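Survey of secondary and tertiary structure
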Amino acid sequence: MKKLFLLSVAILGFTFTSSAQSISDNAIGLRLGDSDGFGAEVSYQRALGDNNRLEFDLGWRDGDNYDGFKLAGLYQWLFPLDGSFNWYVGAGGGIGSFSFDLPGGRKVSDTFVFAAGDIGIEYNFEIPLLISLDFRPEIGFGDDVYNNNDLDFDIALGIRYQF
């Protein structure tokens, strides 16, 4: 019985010490993925504690007959996996706008809001570099000009400098 008690205390102690981690106060970089034309995003992360942070992403696209932007904000919780590997989960939303130049000189535009979830893994290098891979399902709410009221699945690779 005494051995079982000591083993339980050791396991609890290990659990609490292994979940204590230190994340960078700030990280800035790129999030490279694709979902309905919004591929590259400038990404900024701000730590709020030892295991949670805010992430803001600004993506834009520009072409011969279209342009658009999307701004996302997410609250994330981080959990250690092994050493410098973490996994995270989050929720948030954002706003976006796009416009298309149609034949005949007509222009179609729409502004929309969306709700998003986020789940991913990241590796924290010894140097101030963070690399991540995440999956972000988004559901949009707009005028449905070009089917904005659907569920998009965004998978992206993130590369950020930590400071």
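Quick note: structure is the one above.
From a predicted model like this one, the values you see are computed outputs, not experimental measurements. (Residues numbered from 1 in each chain as written. Predicted model: local features only at pLDDT ≥ 70, side-chain atom pairs only at ≥ 80, totals over all residues. Heavy atoms only, no water.)

**Some points on the pattern of salt bridges**
Scanning the entire structure with this criterion turns up 10 salt bridges. For the salt bridge of Arg 136 with Glu 41, the shortest nitrogen-to-oxygen distance reads 3.9 Å. Of this pair, Arg 136 sits in strand S7 (residues 129-141) while Glu 41 sits in strand S2 (residues 40-47), and the two are 95 residues apart along the sequence. When its relative accessible area of 3% is taken as the criterion, Glu 41 is described as buried. Ionic pairing is found between Glu 55 and Arg 136, a salt bridge with its closest N-O pair at 3.3 Å. Placement of the pair is Glu 55 in strand S3 (residues 52-62) and Arg 136 in strand S7, with a sequence separation of 81 residues. The class for Arg 136 is buried, based on a relative accessible area of 0%. Counted as one network, the salt bridges with shared partners bring together Arg 31, Glu 41, Glu 55, Asp 57, Asp 134, Arg 136, Asp 154 and Arg 160. (Salt bridge = Lys/Arg side-chain N within 4 Å of Asp/Glu carboxyl O. Helix = DSSP H or I, 4+ residues; strand = E, 2+ residues; numbered from the N terminus. Buried < 20%, exposed > 50% of the residue type's maximum accessible area, 1.4 Å probe, protein only.)

**A few points about the pairing of strand S6 (residues 107-124)**
As judged from the 17 bridges shared by strand S5 (residues 85-101) and S6, these two strands associate in the antiparallel manner. Considered in S6, the bridge of Gly 94 is made with Phe 114. Taken together, S5 and the strand that follows it, S6, pair antiparallel across an intervening segment of five residues, in which Gly 104 is found at a positive phi of about 90°. Here S6 hands over to S7 after four residues, the two strands then running antiparallel side by side. (Pairing = 2+ DSSP bridges.)

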